[in-house]
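An overview of the molecular structure
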Amino acid sequence: MTRLKAIPRAHLIAGLCLVALLVYPVINPWQPYPQAVMLLAFLLAVQASSWNIISGYAGYISLGHSMFLGLGSYTVGIVAARWGVNPLWIAPLGGVTAVVVAVLIGSVVLRTRGHAFVIITIAMLLAAQILAVNFKSFTKGSDGITLDLPFWDRDFQNIPFYYAFLILMVLTVLFSAWIRRTKLGTGLVAIREDEGKAASIGVDTTRFKIVGYAASSFFIGVAGGVYAYYLTFINPVGSFAILGSVTIVLAALVGGRGTLYGPVIGAFIVQVVSEAATVYGGGGNARVLVFGLALMVVVLFLPKGILPTVQAWWRARHPEKVEYTDQAGALSRTRVAVRERTEPSPAPAQGEVLLDVRGVSKRFGGLTAVDNADLTVRQGTITALIGPNGSGKTTLFNLISGGMQADSGEIWFDGRRIDGLRPWTRGHLGLGRTFQVTRLFKEMTVQENVVAPLPDSRWRTMLSDAVHGHEAARARELLDTVGLGRFADQPAGALSYGQQKLVELAQVLMLEPKLILLDEPAGGVNPSLLGRLTEVIRELNRSGVTFLVVEHNIPLVLDLCDPVVVFSHGAPIAEGPPSRIRTDPVVLDAYLGDDWADHGEDGPGDNGHGTTAAAREAVQ
Ligand SMILES: Nc1ncnc2c1ncn2[C@@H]1O[C@H](COP(=O)(O)OP(=O)(O)OP(=O)(O)O)[C@@H](O)[C@H]1O
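Residues numbered from 1 in each chain as written. Predicted model: local features only at pLDDT ≥ 70, side-chain atom pairs only at ≥ 80, totals over all residues. Heavy atoms only, no water.

1. Things to note about the overall build of the protein chain
Looking only at helices and strands, the protein chain features 29 helices and 12 strands. When burial is assessed residue by residue, the protein chain has 53% of its 620 residues classed as buried. Taking the intrachain contacts of the protein chain between residues at least 6 apart in sequence as the baseline, contacts between residues at least 24 apart amount to 76%. Working note: accessible area of the protein chain is about 27200 Å², and carbon and sulfur atoms make up 61% of it. (Helix = DSSP H or I, 4+ residues; strand = E, 2+ residues; numbered from the N terminus. Buried < 20%, exposed > 50% of the residue type's maximum accessible area, 1.4 Å probe, protein only. Contact = heavy atoms within 4.5 Å. Areas by Shrake-Rupley, 256 points an atom, 1.4 Å probe, with all protein chains shown as cover.)

Shown next, in the form of structure tokens:
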């Protein structure tokens, strides 16, 4: 009984529904019509659930996904007709064709971001139809291909197809669930939430999207092969119909895009409504009208779909108890362990140059944000980068981490020129960063956020478990370190700003970085946790991690960092140990203000929380 209780409610309900579906034809064997409606619902569920991998998890909407059903049908149909093989045995070939085509299309389209993908998917569906019409020697053109009737007794009617599509539906849902549990799954969701941020934490967004697109095509291709046998006839218009793609999207939207069971629920609803519209509404055209109305209702009243809406309602009625931050736990922890890098490259010796920015510039129209800047960060240091607002510090961070490309200059990291590398490759080399305004993936849980980064480009890492296993255990450990272990299963969007800062630090530590760029780490963090934060930075630094810190909290900078580089108008104006910087007349003039020279260690008007306001006022 306790074992049963451990299974999530959704899986239990799904299991019960599956048992009912398995026994239905046994109880009602001589009812071919309802069996046909059900098996078409299973087929739609296979398609919607597969579509959900690229369009629900990764957010890249495909409006031509029924193309894979047609490709599967034609592959299997052509082979079966030519060589007299039974289509059922070669149905997986349809999946292989679908994956090959998805990889080819994806390799071209998914290198870019955004809307081009939607348009291309429709274009590809129509192109496939034109090819099927014109490649007559293979496809018999508009005449189509007729296949042999099923070999089993006619008395069995649809039952074998019923079970074939049911098995495919179960396999698709299990496959989709498995993907969502892996780092591939968290990476896909990360892409949907914030593609730039995903790239900065080592997610090779191009590869993830191509793999996601290919994964979303396989079972549809297999189902296409079985469907060809079910129909015993395939032609270009029927196999590559745009209405098929619209139905897939509608099913996923109705049920709940991005959820595991939503597309399946949506498929059953859409299939039953579609059948009712055809039977009672006067034919196929009524179906199109009903689909249009349903789409409007969903967009207006259920934008998240049925399942997420019901889940939100349930959660509101049965709120989970959440503890406050385990601040005491975090503060009492003494050590934070750094993992060994999986592909260790010899770290530069203490004091050697780790990051070398040489004559880098970045212009935005008429504004030169970074102006021929030089900067070196030596191994083992906690280097500060300070300067007035708008002096180009964050832009320089973006250039170093790969979020932006420099107009000129070179950036070297750990003996390698990196300014031409993609952001995730820089991450794999050991370059991590946090953001001034936190950029967590708000719809993922806190734990998923911390598990999402990839320290290398190995397939094994990509397919490792993000929910259990060593990666998840490491994420928990890091969350405990920053005092947020109790929040692991909460959505990241529910955390306060300061808590999000701490999660972002834990997240970047998953990269096993050699150098961490911290953009205003103290912003919004309460004073006692700030103490813990600086302690963590020091501990990591003692373990060999180098830091480059942008921070306006000058007492913190002067206490924690050495050397300090001062930026003004896009270039460094001074560099040295804190003791020299705080009295440097150039720095006092450009940033700190004369008051700094006249006050003690803590600067003017310090209240223990830093003097950001004072420093900023001084600049103005
Ligand atoms: N994407 C962009 N497009 C246009 N201008 C930009 C862009 N990013 C930064 N800038 C401009 O470049 C200049 C430098 O901005 P940046 O954010 O790098 O400064 P900063 O030193 O980090 O400032 P702060 O201390 O306030 O964070 C600013 O004038 C800013 O308006």
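2. Things to note about the sheet that holds strand β9 (residues 515-519)
Read across the open sheet, the six strands follow the order β8-β9-β10-β5-β11-β12; overall the sheet is mixed. With partners counted over all chains shown, the strands left at the sheet margins are β8 (431-433) and β12 (571-576), one partner each. In this sheet, adjacent strand axes meet at a mean angle of 20° when their direction is disregarded. Judged from the five bridges that link them, strand β11 (residues 564-568) and β12 form a sheet pairing that is antiparallel. When the bridges of β12 are listed, V564 appears paired with G576. Its contacts with the sheet put helix α23 (residues 497-509) on β8 and β9, and the angle it makes with β9 is roughly 165°. Where helix α24 (residues 527-542) meets the sheet, it contacts β5 (382-386), β9 and β10 (546-550), and its direction lies at approximately 145° from that of β10. (Pairing = 2+ DSSP bridges. Axes fitted to C-alpha atoms, helices over the stretch in contact; angles between N-to-C directions.)

3. Points about empty space enclosed by the protein
In this approach, a probe sized like a water molecule rolls over the atoms, and the result shows the empty space that is left. Counted by the stated rule, this structure contains four cavities of 30 Å³ or more. The wall of the largest cavity is formed by T434, F435, K501, L502, E504, L505, L518, D519, E520, P521, L533 and I537. For the lining of the largest cavity, the secondary-structure elements that each account for two or more residues are α23, β9 and α24. For the lining of the largest cavity, the element with the highest residue contribution is α23, accounting for four residues. Across the lining of the largest cavity, the residue classes break down as seven nonpolar, one polar and four charged. (1 Å grid on protein atoms, 1.4 Å probe; cavity = no way out; pocket = protein on both sides within 12 Å on 5 of 7 lines; lining within 4 Å. Points joined across faces, edges and corners; volume = space filled by probe spheres on them. Nonpolar A, V, L, I, M, F, W, Y, C, P; charged D, E, K, R; others polar.)

4. Details of unusual backbone geometry
Looking along the chain, the bond that leaves D562 and enters P563 is cis, with omega of 5°. Positive phi values are uncommon outside glycine, yet H569 reaches one of about 50°. Tracing the chain through its elements places H569 in the loop between β11 and β12.

5. So, the site of the ligand
Looking at the ligand, there are 15 residues lining it, with N389, G390, K393, T394 and T395 nearest. Q436 has a polar side-chain atom sitting 3.0 Å from an oxygen atom of the ligand. Coverage of the ligand by the protein chains reaches 64% of its 640 Å² of free accessible surface. Elements with a minimum of two residues in the shell around the ligand: β4 (367-378) and α18 (393-401). The element best represented in the shell around the ligand is α18, accounting for three residues. (Near = heavy atom within 4 Å. Polar contact = N/O pair within 3.5 Å; in protein donor to acceptor, adjacent residues only side chain to side chain.)

6. Details of the confidence of the model for the protein chain
Should the pLDDT be low somewhere, the predicted coordinates at that spot are not to be read in detail. Confidence in the prediction of the protein chain, expressed as mean pLDDT, is 86, and 89% of residues score 70 or more. Here residues 605-620 scores under 50 on pLDDT; set against residues more than four positions off or in separate chains, the count is 26 contacts. (pLDDT = per-residue confidence, 0-100.)

7. Comments concerning the nonpolar core
Counting residues in hydrophobic clusters, the biggest one holds 93 residues, and the most contacted among them are F42, M67, F165, M169 and Y213. Structurally, this core is a two-domain feature, drawing no fewer than three residues from each of domain 1 (2-310) and domain 2 (353-619). For M67, the contacting residues outside a window of four places in its chain are V101, I105, M124, L125, A128, Y213 and F240. (Core = buried A, V, L, I, M, F, W, Y, C linked by side-chain atoms within 4.5 Å. Domains from an automatic or database assignment.)

8. What to know about the packing of aromatic side chains
Here the structure, examined in full by the defined rule, presents 15 aromatic pairs. Aromatic pair Y24 and Y162: ring centres 6.3 Å apart, planes at 35°, arrangement tilted. Placement of Y24 in helix α2 (residues 9-27) and of Y162 in helix α8 (residues 159-181) is noted, with a sequence separation of 138 residues between them. For Y24, a relative accessible area of 22% corresponds to the partly exposed category. By relative accessible area, which is 0% here, Y162 ends up buried. Ring centres of F117 and Y213 lie 5.2 Å apart, and the angle between their planes is 80°; on these two criteria the pair is classed as edge-to-face. Of this pair, F117 sits in helix α6 (residues 116-134) while Y213 sits in helix α11 (residues 205-231), placing them 96 residues apart in sequence. The pair formed by F117 and Y213 is uniform in burial state, with each residue classed as buried. (Phe/Tyr/Trp six-rings, centres within 6.5 Å; stacked < 30°, edge-to-face > 60°.)

9. Focus: the layout of surface pockets
Considered as a void within the structure, the second largest pocket measures approximately 650 Å³ in volume. Surrounding the second largest pocket, 24 residues form its lining, L69, Y227, G238, G244 and R287 being those nearest its centre. The set of elements that each furnish at least two residues to the lining of the second largest pocket consists of α3 (32-57), α4 (66-83), α11, β2 (233-234), α12 (236-239), α13 (242-255), α14 (262-280) and α15 (284-301). The class makeup of the residues in the lining of the second largest pocket is 11 nonpolar, 11 polar and two charged.

10. What about the UniProt feature "transmembrane region" (unreviewed entry) in the protein chain?
Feature annotation in UniProt assigns "transmembrane region" (unreviewed entry) to the following positions: residues 35-54, 66-83, 89-110, 117-139, 159-179, 210-230 and 288-307. Taken end to end, residues 89-110 comprises 95% helix and 0% strand; its first and last C-alpha atoms sit 33 Å apart. Secondary structure across residues 117-139 divides into 96% helix and 0% strand, with the first and last C-alpha atoms of the span separated by 27 Å. (UniProt positions renumbered as here; feature names shortened; annotations may be inferred.)

11. Focus: the pattern of salt bridges
Where charged atoms of side chains with opposite charge meet at close range, the side chains can pair. All chains considered together, the criterion is met by 19 salt bridges. Of the charged contacts in the structure, one is a salt bridge between D356 and R358, with a shortest N-O distance of 2.9 Å. In this structure D356 comes out as buried when scored by relative accessible area, which is 16%. One network of salt bridges, in which partners are shared, links D356, R358, E410, R417 and D419. (Salt bridge = Lys/Arg side-chain N within 4 Å of Asp/Glu carboxyl O.)

12. A few points about the side chain of N158
Mapped onto the fold, N158 is located in the loop between β1 (145-146) and α8. Side-chain polar atoms of N158 contact the backbone oxygen of P32, separated by 3.1 Å. Not counting chain neighbours up to four residues away, the residues in contact with N158 comprise P32, Q35, A36, L39 and Y230.

13. Observations concerning the sheet that holds strand β3 (residues 353-364)
Through backbone hydrogen bonds, the strands of a sheet pair up, either in parallel or in antiparallel fashion. Taken in spatial order, the four strands line up as β4-β3-β6-β7 in an open sheet, and their pairing is antiparallel. Two strands close off the open sheet at either side, each with one partner strand: β4 and β7 (416-417). This element, α18, spans β3, β4 and β6 (408-413) of the sheet and lies at about 115° to β3.

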